[in-house]
Amino acid sequence: MEDKFEILKENEIISLEEWVRILLQQPTYKVSEFMQALIPLLKGRNYAWTEDRANWFTQGVPCEVLKLDAKGWRKGKVRLAIEFLPDEPEVEETPATNEIAQPESPLDDLRQMINQETQQ
């Protein structure tokens, strides 16, 4: 089964329920603010915060990945992202029209020709 997680954009908003607020106490964040709020937590560890470590959140860091369906290791970059999986799919609204769209038929051209001949 394919997961349908979506990577959230920096200006999108997340609101966390109280029981999942493990790292941060504030309930609502823009994604960019949430990622920035994680940085001090990581800086609090006993190592120096460097540009290379900051790249985990921005440009990505060099890595190799071995996927199950691949023929070998692939070089590239990896970075941290926040993903979202909706409980229900978003319903697209369609504009209401008075006419019900009829499916196209290969006979439409023939019908049009017959109508033109009968009108003459």
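Structure first, text after, so check above.
Residues numbered from 1 in each chain as written. Predicted model: local features only at pLDDT ≥ 70, side-chain atom pairs only at ≥ 80, totals over all residues. Heavy atoms only, no water.

S.K.: Outline the overall build of the chain, listing residues and values.
M.R.: For the chain, the count of helices and strands is three helices and six strands. Counting from the amino terminus, the chain carries its helices and strands in the arrangement β-β-β-α-α-β-β-β-α. The burial tally for the chain puts 12% of its 120 residues in the buried class. For the chain, the share of sequence-separated contacts (at least 6 apart) that also reach a separation of at least 24 residues comes to 25%. (Helix = DSSP H or I, 4+ residues; strand = E, 2+ residues; numbered from the N terminus. Buried < 20%, exposed > 50% of the residue type's maximum accessible area, 1.4 Å probe, protein only. Contact = heavy atoms within 4.5 Å.)

S.K.: With reference to specific residues and values, describe the environment of W49.
M.R.: Tracing the backbone shows W49 in the loop between helix 1 (31–43) and helix 2 (51–54). Taking the relative accessible area as the measure of exposure, W49 reaches 25% and is therefore partly exposed. Placed 10 residues apart in sequence, W49 and I39 show a C-alpha to C-alpha distance of 8.9 Å. If sequence neighbours within four positions are ignored, W49 has contacts with I39, L42, K43, A54 and F57.

S.K.: Give a detailed account of the layout of surface pockets, specifying residues and quantitative values.
M.R.: Of the pockets and cavities examined, the largest pocket occupies roughly 330 Å³. Lining of the largest pocket is provided by 17 residues; of these, E10, V31, M35, F57 and L80 occupy positions nearest its centre. Tallied by class, the residues present in the lining of the largest pocket amount to 10 nonpolar, three polar and four charged. (1 Å grid on protein atoms, 1.4 Å probe; cavity = no way out; pocket = protein on both sides within 12 Å on 5 of 7 lines; lining within 4 Å. Points joined across faces, edges and corners; volume = space filled by probe spheres on them. Nonpolar A, V, L, I, M, F, W, Y, C, P; charged D, E, K, R; others polar.)

S.K.: For the nonpolar core, give the residues involved together with the corresponding values.
M.R.: If you look at the biggest cluster of nonpolar residues, it comprises 10 residues: L8, I14, Y29, V31, F34, M35, L38, I39, F57 and I82. Among the elements that make up this core, the one with the highest residue count is helix 1 (five residues). Among residues more than four places away in sequence, those in contact with I14 are L8, P27, T28, Y29, V31, F34 and I82. (Core = buried A, V, L, I, M, F, W, Y, C linked by side-chain atoms within 4.5 Å.)

S.K.: Describe a nonpolar patch on the surface, with residues and values.
M.R.: On the surface, a nonpolar cluster with roughly 240 Å² of combined accessible area is contributed by W56, V78 and L80. Looking at the secondary structure, you find V78 in strand 5 (residues 74–78). (Patch = residues over 30% accessible without salt bridge, like charges linked within 9 Å, V, L, I, M, F, W, Y side chains within 5 Å. Areas by Shrake-Rupley, 256 points an atom, 1.4 Å probe, with all protein chains shown as cover. Salt bridge = Lys/Arg side-chain N within 4 Å of Asp/Glu carboxyl O.)

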